[in-house]
Amino acid sequence: MTTALIIGLSVVIVAADGETPCVLVTRRNGGLTALPFGTFDPAEHRTFEIALRGWVREQTGFDLGYVEQLYTFGDRDRETPEATLADTPENARVVSVGYLGLTPDPTRPPEALEARWRGWYGHFPWEDHRNGRPGIIDAVIAPRLQTWAAGSENRQSRARLAFGLEGQDWIDDRVLERYELLYEAGLVTECARDAGLPLPDVKLGEPMASDHRRILATAMGRLRGKIRYRPVVFELMPERFTLSALQLTCEGILGLRLHKQNFRRALDRAGLVEGTGEMMAATGGRPAELFRFCRDKFRRSAALGITTPAMRREG
């Protein structure tokens, strides 16, 4: 039997709604949350990106701005019945090319379209450490991983390193590693769904269609790492912004609180922003100066990203 090969295009579109990082999602049959997704038709589309922009506009009413290719997801059996397109042949192999898109404007999609912005920590509640280490790690995840890893030093080591157990540091950009570990341990809904097994006894974050939570985890890890070596965070900011708003956006992406004075000193050294001389009235405090990203300077040189000096916490 000949297997049909279908190239799908999916995209994680990220915006910062205040201090909340959000992704643009749609609904699939069965009510599952999904990323915008469509197929590539070589007869109709000249490039992947042209096809992607068209699908996103059709499904969400949103015009993509900054976009970069993320990864190609081609594992066998990754396309579950809940997520495939209605006209997908039964024996088809779907290879999905994932993209990351960034926007400063989380415009509300038209009411007629089943698209909406959703905070990404709803899918990954263990990733947000801005108010300290999430209780779900030590109360729920760690005991179950210990049971799964019993008798295997390799599994125990992976769990310690991924989730910062037994005194190990938390590495914020290991988002995909953590999700895949939970999947392998059978602790997320997608694993049970894909294998036809009973659902786990706990719900660790909102599931998504197909392997879209894996794609989202890949995008989160990429963005967390990239803001440190490329100034991509400014693609999430308006033309003029306060330094406090910039810091809150960085903290939202990283899931960590940053040291205010060190953060601002690092900005000064890097020369990534400049004051506009305009002031923004602050509720209950002094007016704050508005800044802008030195985009022209970045275009002329290999500008670095933003140094992210985290605040130290106990435990």
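Residues numbered from 1 in each chain as written. Predicted model: local features only at pLDDT ≥ 70, side-chain atom pairs only at ≥ 80, totals over all residues. Heavy atoms only, no water.

Digging into the side chain of E68
Going by this rule: Under the scheme used here, helices are H or I runs from DSSP no shorter than 4 residues and strands are E runs no shorter than 2 residues, and both carry numbers assigned from the N terminus. Distance and chemistry together define a polar contact, namely a pair of N or O atoms within 3.5 Å, with one atom able to donate a hydrogen and the other to accept it when in protein, and with adjacent residues in sequence counting only for side-chain atoms on both sides.
One can find E68 in strand β5 (residues 66-73). Among the polar contacts listed, one links the side chain of E68 to the side chain of R222, at a separation of 2.8 Å.

Quick word on helix α2 (residues 135-149)
Quick reminder of the rule: For a helix, the expected span equals 1.5 Å multiplied by the residue count minus one. A residue's bend is the angle separating two fitted axes: one through the seven residues that end there, the other through the seven that start there. Each residue gets one of three labels from its accessible area relative to the maximum for its type: buried under 20%, exposed over 50%, partly exposed in between, using a 1.4 Å probe on protein chains only. A contact between two residues is defined here by any heavy atoms of the two lying within 4.5 Å.
In this model α2 runs 20 Å from its N-terminal to its C-terminal C-alpha over 15 residues, within 8% of the 21 Å that 1.5 Å per residue would give. Along its length, α2 reaches its greatest deviation from straightness, about 40°, at I141, and the proline P143 lies no more than four positions downstream. Taken together, the buried positions of α2 are occupied by I137, I141, A142, L145, W148 and A149. Buried residues belonging to α2 abut α3 (153-163) and α4 (175-184). Phi turns positive one or two residues past the end of α2, at G151, with a value near 85°.

Quick notes on the nonpolar core
Convention followed: In this text, buried Ala, Val, Leu, Ile, Met, Phe, Trp, Tyr and Cys residues form a nonpolar core when linked through side-chain atoms within 4.5 Å.
Ranked by size, the top nonpolar core spans 62 residues in total, and within it V14, L145, F163, F234 and L246 carry the most contacts. When near neighbours in sequence (up to four residues on either side) are disregarded, F163 contacts W126, R133, I137, I141, L145, W170, R178, L181 and L182.

Concerning the packing of α2 against α4
Keep this limit in mind: Helix axes are fitted only over the stretch in contact, all axes being lines through C-alpha atoms; the angle between N-to-C directions runs from 0 to 180 degrees. In what follows, roughly perpendicular refers to angles from 65 to 115 degrees, roughly parallel to angles under 35, roughly antiparallel to angles over 145, and oblique to any angle outside these ranges. When the near helix sits turned anticlockwise from the far one by under a right angle, the crossing is termed left-handed; a clockwise turn instead gives a right-handed crossing.
Viewed as axis vectors pointing N to C, α2 and α4 meet at an angle of 55°, and their least axial separation amounts to 11 Å. As judged from the angle between their axes, α2 and α4 are oblique. Crossing angle aside, the handedness with which α2 passes α4 is left-handed. Only L181, L182 and E184 of α4 make contact with α2, whose side of the interface consists of I141, L145 and W148.

Considerations on the pairing of strand β2 (residues 20-27)
Definition in use: Two strands qualify as a pair provided that DSSP identifies no fewer than 2 bridges between them.
Most of β2 is tucked away, with six of its eight residues classed as buried. The sheet contact formed by strand β1 (residues 5-17) and β2 spans four bridges and is antiparallel. When the sheet's bridge partners are listed, A16 is paired in β2 with P21. Taking the residues between adjacent antiparallel strands as the criterion, β1 and β2 are bridged by two residues, where G18 takes a positive phi near 70°. In this sheet, strand β7 (residues 115-119) lies alongside β2 in antiparallel orientation, the contact comprising five bridges. Each residue of the ladder has a partner; that of V23, found in β7, is R118. With two bridges joining them, β2 and strand β3 (residues 33-34) adopt antiparallel strand pairing. Bridge pairing in β3 places T26 opposite A34.

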